[in-house]
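The residues making up each chain are set out below.
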Amino acid sequence: MQVLVPYRVDEPKTRLAPVLDDEERREFSRLMLADVLAAVRSAGYDPTVLSTAPLSGGDCVDERPLTVAVNSHLEPNTAVVMADLALVTPSVLGELFETNEDVVLAPGRGGGTNAIVARHPQFRVDYHGASYRDHVEICKAIGASVRTIDSYRLGTDIDEPADLAEVLLHGDGRAADWLDDRFELSTSNGRTGVKRY
Ligand SMILES: Nc1nc2c(ncn2[C@@H]2O[C@H](COP(=O)(O)OP(=O)(O)OP(=O)(O)O)[C@@H](O)[C@H]2O)c(=O)[nH]1
Ligand SMILES: C[C@H](OP(=O)(O)O)C(=O)O
């Protein structure tokens, strides 16, 4: 199975700008990418980074917007795993990859789709907005069987400052180490967040 990991090189993780400056967002997003790639490899698969610009040898560079780029590299039996899943582990990826349905969806909080396995030849992605709902509708339209994976680790994409608390609480990769050197948990305002040391 082909495993694509989309990655936007320019201006990564803009929604983290309230707490991380430009250089920090670049560093942190690269470390999340590295953690995701390591987990895919440990699960027994060879990931391809679908990147908007060259990163290191072996990437597939495609400057077009996310949906167009992914669809043009979809072939039956392709997984798409986002690069901002800082909590992902080989075992949850194994659960995702070792399925049989035509399309397997791992929803993210807020309506997105954090990971997909697409085995049906007519399936196409449609990211942004409530893409999980859109992907279910696409499956209905093409008559594809669907399974939704209920997973905290696959469901936690790191988009907003509040998500960083999840990394401090449950991460153990390079991104979590990097964050742990700079931030600590803050429990003073109700919901657990992060604050700089
Ligand atoms: N190849 C490619 N990957 C993308 C593109 N836009 C986002 N991604 C990747 O898709 C995944 C999910 O991205 P989002 O969380 O929607 O956006 P983001 O760019 O990471 O962060 P924000 O700027 O805060 O929206 C991440 O792995 C991104 O690196 C794109 O246009 N092309
Ligand atoms: C790409 C997008 O990611 P989000 O903006 O939900 O993190 C989606 O999953 O449709």
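Keep in mind that this is a model prediction, so the values were computed, not measured. (Residues numbered from 1 in each chain as written. Chains lettered and ligands numbered in written order. Predicted model: local features only at pLDDT ≥ 70, side-chain atom pairs only at ≥ 80, totals over all residues. Heavy atoms only, no water.)

Chemist: Before we move on, could you go through unusual backbone geometry and cite the residues and values that matter?
Modeler: Unlike most non-glycine residues, E11 shows phi in positive territory, near 50 degrees. For E11, the location among the structural elements is in the loop between β1 (2-7) and α1 (22-42). Residue E11 is classed as partly exposed on the basis of its relative accessible area of 46%. (Helix = DSSP H or I, 4+ residues; strand = E, 2+ residues; numbered from the N terminus. Buried < 20%, exposed > 50% of the residue type's maximum accessible area, 1.4 Å probe, protein only.)

Chemist: If you had to explain the site of ligand 1 to someone new, which residues and values would you point to?
Modeler: Taken together, 15 residues lie around ligand 1, and P6, R8, K13, T14 and R15 are the ones closest in. Contact between ligand 1 and R15: an oxygen atom at 2.9 Å from a main-chain N or O atom of the residue. Take L50: an N or O atom from its main chain is 2.9 Å from a nitrogen atom of ligand 1. Against a free-state accessible area of 610 Å², the protein chains account for coverage of 87% of ligand 1. Here the shell around ligand 1 is built from residues that sort into 7 nonpolar, 2 polar and 6 charged. (Near = heavy atom within 4 Å. Polar contact = N/O pair within 3.5 Å; in protein donor to acceptor, adjacent residues only side chain to side chain. Areas by Shrake-Rupley, 256 points an atom, 1.4 Å probe, with all protein chains shown as cover. Nonpolar A, V, L, I, M, F, W, Y, C, P; charged D, E, K, R; others polar.)

Chemist: An account of the pairing of strand β8 (residues 183-186) is requested, with residue identities and associated values reported.
Modeler: Successive residues of a regular strand alternate their side chains across the two faces of the sheet. As paired elements, β8 and strand β9 (residues 193-196) share 4 bridges and run antiparallel to each other. Bridge assignment links L185 to a residue of β9, and that residue is V194. What sits between the antiparallel neighbours β8 and β9 is a turn of 6 residues, in which G190 has the positive phi angle 85 degrees. (Pairing = 2+ DSSP bridges.)

Chemist: Before we move on, could you go through the site of ligand 2 and cite the residues and values that matter?
Modeler: Surveying the vicinity of ligand 2 reveals the residues R15, L66, G112, T113, Y127, H128, S131, D157 and D159. Take T113: an N or O atom from its main chain is 2.8 Å from an oxygen atom of ligand 2. Contact distances for ligand 2 include 3.0 Å between an oxygen atom and a side-chain N or O atom of D157. Contact with the protein chains hides 85% of the accessible area of ligand 2, taken as 300 Å² for the molecule alone. In terms of residue class, the shell around ligand 2 is made up of 2 nonpolar, 4 polar and 3 charged.

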